[in-house]
Amino acid sequence: MPLINEKKFLTIRPCSFKLAWLNNFTMNKVILITGCSSGFGMLTAARLAARDHTIYATMRNLQKQDALKMELKQRGTKCQILHLDVTDDNSISKVINTI
């Protein structure tokens, strides 16, 4: 199950739930998703952005963001893409300050 911090801010670890769970979001949320350069993270970010949530899609290597941008463009949506290395305290602080 994803980690819910508050009612309006949600942090998702894409590997921790099935994508069908996304259908339960009805209210717009601010959502931080890690691992968005590929796979479940990328698809989760794109699907939730298409549902008008405010998405902060994070990845360690921003050179891989083109695949996410293409997926977002195909869905006619966008999100904020940020660098995040969850093992680096400075990287975490920068993302928190940005949000």
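Attention in this report is confined to the structure presented alongside it. (Residues numbered from 1 in each chain as written. Predicted model: local features only at pLDDT ≥ 70, side-chain atom pairs only at ≥ 80, totals over all residues. Heavy atoms only, no water.)

**Quick look at unusual backbone geometry**
1) Next: Positive phi is not limited to glycine here, since Asp52 has a value of about 70°.
2) Next: Mapped onto the fold, Asp52 is located in the loop between α1 (39-50) and β4 (54-59).
3) Next: The exposure class of Asp52 is exposed, given its relative accessible area of 58%. (Helix = DSSP H or I, 4+ residues; strand = E, 2+ residues; numbered from the N terminus. Buried < 20%, exposed > 50% of the residue type's maximum accessible area, 1.4 Å probe, protein only.)

**Concerning the pattern of salt bridges**
1) Next: In the structure shown here, the tally under the stated rule is one salt bridge.
2) Next: Here Glu71 ties to Arg75 by a salt bridge, and the two come within 2.9 Å at their closest N and O atoms.
3) Next: Of the residues examined, Arg75 reaches a relative accessible area of 36% and is grouped as partly exposed. (Salt bridge = Lys/Arg side-chain N within 4 Å of Asp/Glu carboxyl O.)

**Some details on the environment of Leu72**
1) Next: By the secondary structure assignment, Leu72 is in helix α2 (residues 65-74).
2) Next: Every residue in contact with Leu72, bar those within four places of it in the chain, is listed here: Ala45, Ala46, Ala49, Thr77, Lys78 and Cys79. (Contact = heavy atoms within 4.5 Å.)

**A closer look at α2**
1) Next: Those residues of α2 not exposed but buried are Gln65, Leu68, Glu71 and Leu72. Down the axis of α2, the smallest arc covering the buried residues is 120°, so these residues share one side. Seen from the open side of α2, the exposed residues pointing more than 90 degrees away from its buried face are Asp66, Met70, Lys73 and Gln74.
2) Next: Of the surrounding secondary structure, the elements contacted by the buried residues of α2 are α1, β4 and β5 (80-83).
3) Next: Phi for Gly76, located one or two positions after α2, is positive at around 70°. (Arc of directions from axis to C-beta.)

Geometric values such as these leave the question of function open.
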